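Here's the letter readout for the chains.
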Amino acid sequence: MAVLGPNRYGKAETRVVRVTRHGDAHRIKDLTVSTSLSGDMTEVHLSGDNSAVLPTDTQKNTVFAFAKKHGVGAIEDFALLLARHFADSQPAIHHARVAVEEHAWERNGAFGHSFVRAGREVRTCVAHYDGTTAWVVSGLRDLVVLNTTNSEFWGFAKDEYTTLPETRDRVLATAVDVAWRHADASQDVTQDWDKTYENARAALLAAFADTYSLSLQQTLYAMGTRVLAECPGVCEVRLSLPNKHHFLVDLAPFGLDNDGEVFFAADRPYGLIEGTVLREDAPAAGPAWE
């Protein structure tokens, strides 16, 4: 006997670019939006009855229409707007999940109409809404950072397969992938999503720079703790930090010394350090991380 388990469907990676024109000073919002809907979907799976299904093409069109009708400010607001629309307008939909990635552009000199794709990280968010309660997780990925010193790694466990030497001074580099959960995403609570993002980003960078690191795990905890300290509305931080190894190159065969100046940057394999830092009184996460 087979039974239908949890399921959802939606439109993945709708690319939408919204240009706002104020005279000669234009502004760009470049997004990738993914929608997922769940609810009373038994019959479509068991008998092919599509009466409860809002087509994924309609979901895509809604993204474009809302970008025109409502504009695009903070991506969290746009994600919540879409999620609430889908769950509130469709009786069969009991839960909507909207994930948004923002791709940054910078002005090209003094020209108000010309832009260059920024080399910054990608800003992210995921919003859930079930008709009553909203959950929002914000974050970023590919924030590449590097410290040329103030990092050690020694005293680790060893066995017969250990070849890694201990070090009292190393390059520490990573590409930060982080998400933070907001404690309250209700409609009656005013949120400055952009300010929280900038504060969290600044906290991550500061903690990475000024933590004398004995391990990447220690740095991870310091970064998560700093975000909680600087962002009162954030209750949980999840980080994934790949260790971008930099190995000192042996230049002795060429008759050269290498006093911590020339390194080989290895892209794989790499250590991957993951962890969560949260407030002791953090509310239950519900579906926020799904």
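No experiment lies behind these values; they were computed from the predicted model shown. Along each chain, residue indices are assigned from 1 in the same order as the chain's sequence is written. Owing to the predicted nature of the model, reporting of local features is limited to residues with pLDDT of at least 70; listing and counting of side-chain atom pairs is limited to 80 or more, with chain, interface and lining totals taken over all residues. Note that the side-chain values use all heavy atoms of the structure and ignore hydrogens as well as water.

A few words now on the UniProt feature "binding site: O2" (unreviewed entry) in the protein chain. Per the UniProt record, "binding site: O2" (unreviewed entry) is annotated on Thr-56 and Asn-243. Judged by maximum C-alpha separation, these annotated positions cover 188 residues in sequence and are scattered in space, the widest gap reaching 38.2 Å. As for the annotated residues named above, the ones lining the largest pocket are Asn-243. Examined against the element boundaries, Thr-56 turns out to sit in helix 2 (residues 56–70). UniProt positions are given in the numbering used here, feature names are shortened, and annotations may be inferred rather than shown by experiment. Only protein atoms enter the 1 Å grid used here. Points where a 1.4 Å probe fits but cannot escape make up a cavity, open sets with protein on both sides within 12 Å along at least five of seven lines make up a pocket, and a residue lines them when an atom lies within 4 Å of a point. Secondary structure follows DSSP: runs of H or I at least 4 residues long count as helices, runs of E at least 2 residues long count as strands, and numbering of each begins at the N terminus.

Further remarks concern the pattern of salt bridges. Counted as salt bridges are all cases of a side-chain nitrogen of Lys or Arg within 4 Å of a carboxyl oxygen of Asp or Glu. Under the definition given, this model contains 14 salt bridges. Of the charged contacts, one joins Asp-194 and Arg-123 as a salt bridge, the two residues approaching to 2.9 Å between their closest N and O atoms. You can see Asp-194 sitting in helix 4 (residues 193–210) and its partner Arg-123 sitting in strand 6 (residues 122–129), a full 71 residues away along the chain. According to the relative accessible area criterion, Arg-123 is buried, its value standing at 9%. In this structure, a network of salt bridges that share partners links the residues Glu-76, Arg-123 and Asp-194. Between buried and exposed lies partly exposed: a residue is buried under 20% and exposed over 50% of the maximum accessible area for its type, with that area taken using a 1.4 Å probe on protein chains only.

What follows covers the sheet that holds strand 7 (residues 134–147). Across a sheet, paired strands are connected by hydrogen bonds in the backbone, their directions being either parallel or antiparallel. The 8 strands lie next to each other as 1-2-3-6-7-8-9-12, forming an open sheet whose pairing is antiparallel. The open sheet has two free edges, formed respectively by strand 1 (9–22) and strand 12 (271–278), since each of these has just one partner strand. When strand polarity is set aside, the average angle formed by the axes of neighbouring strands in this sheet is 15 degrees. Two elements, strand 3 (residues 93–103) and strand 6, share 7 bridges in a ladder whose sense is antiparallel. Strands qualify as paired when DSSP identifies two bridges or more between them. Only the stretch in contact is used when a helix axis is fitted, and all axes are lines through C-alpha atoms; the angle between N-to-C directions ranges over 0 to 180 degrees.

What follows concerns the side chain of Glu-152. Take Glu-152: it is sitting in the loop between strand 7 and strand 8 (172–182). By the counting rule applied here, Lys and Arg register as positive and Asp and Glu as negative, while His and the ends of each chain are not counted. Buried within the structure, Glu-152 lacks any salt-bridge partner; its nearest side chain of opposite charge belongs to Arg-168, at an N-O separation of 4.3 Å. Side-chain atoms alone can form a polar contact between residues adjacent in sequence; in general such a contact is a pair of N or O atoms within 3.5 Å, and within protein one must be able to donate a hydrogen while the other accepts it. In this structure the side chain of Glu-152 is engaged in a polar contact, spanning 2.6 Å, whose partner is the side chain of Trp-154. In this structure Glu-152 touches Thr-167, Arg-168, Asp-169, Arg-170, Tyr-212, Ser-213, Leu-214 and Ser-215, once residues within four positions along its chain are discounted. Between two residues, a contact is recorded if the distance between any of their heavy atoms is within 4.5 Å.

With that out of the way, let us pick up the layout of surface pockets. Over the atoms rolls a probe the size of a water molecule, and in doing so it shows where empty space is left. Grid points are joined across faces, edges and corners, and a volume is the space filled by probe spheres set on the points. Here the largest pocket defines a volume of roughly 580 Å³. In this structure, the largest pocket is lined by 21 residues; those nearest its centre are Leu-164, Thr-167, Arg-170, His-246 and Phe-247. When contributions to the lining of the largest pocket are tallied by element, the ones reaching two or more residues are helix 5 (216–230), strand 10 (246–248) and strand 12. Its residues placed into classes, the lining of the largest pocket shows 10 nonpolar, 8 polar and 3 charged. For this classification, the nonpolar set comprises Ala, Val, Leu, Ile, Met, Phe, Trp, Tyr, Cys and Pro, the charged set comprises Asp, Glu, Lys and Arg, and every other residue, Gly included, is treated as polar.

Here we come to the nonpolar core. A general trend in soluble globular proteins is that nonpolar side chains are found buried together. Grouped together as the largest cluster of nonpolar side chains are 32 residues, with contacts concentrated most on Leu-31, Val-33, Leu-37, Phe-78, Leu-82, Val-98 and Val-100. Among the secondary structure elements, those contributing two or more residues to this core are strand 1, strand 2 (25–39), helix 2, helix 3 (75–89), strand 3, strand 6 and strand 7. Ranked by the residues each element gives to this core, the list is headed by helix 3, at 8 residues. Beyond its immediate sequence surroundings of up to four residues, Val-100 is in contact with Leu-31, Thr-32, Val-33, Ile-75, Ala-79, Arg-123, Thr-124 and Cys-125. Buried Ala, Val, Leu, Ile, Met, Phe, Trp, Tyr and Cys residues form a nonpolar core when they are joined through side-chain atoms within 4.5 Å. Val-176, Ala-200, Leu-241 and Val-277 belong to the second largest nonpolar core, which has 25 residues in total.

Most of strand 7 is tucked away: 10 of the 14 residues are buried. The pairing of strand 6 with strand 7 spans 8 bridges and is classified as antiparallel. Residue pairing in the sheet places His-128 in a bridge with Trp-135 of strand 7. As consecutive antiparallel partners, strand 6 and strand 7 are separated by 4 residues, and within that stretch Gly-131 has a phi angle of approximately 95 degrees, a positive value. Direction of pairing for strand 7 relative to strand 8: antiparallel, over a ladder of 9 bridges. In the strand pairing of strand 8, Leu-140 is matched with Val-178.

Right, let's get into the domain arrangement of the protein chain. Boundary definitions for the domains trace back to an automatic or database domain assignment. With domains assigned, the protein chain is organised as domain 1 (8–132) and domain 2 (139–289). Taking only C-alpha atoms into account, the centre of domain 1 sits 29 Å from that of domain 2. On the domain 2 side, the residues contacting the 13 residues of domain 1 number 15 residues. As a working definition, buried area equals the accessible area (1.4 Å probe) given up by two parts on being put together, with both sides summed. When domain 1 packs against domain 2, close to 1400 Å² is buried across both sides, 45% of that on carbon and sulfur atoms. Here domain 1 is connected to domain 2 by 3 salt bridges. Here Arg-201 makes a salt bridge to Glu-121, at a shortest N to O gap of 2.8 Å. In this structure, the connection of domain 1 to domain 2 is made through 9 residue pairs in polar contact (both at pLDDT 80 or more). Those elements that place two or more of their residues in the side of domain 1 that touches domain 2 are helix 3, strand 3 and strand 6. In terms of residue class, the side of domain 1 that touches domain 2 is built from 3 nonpolar, 3 polar and 7 charged.

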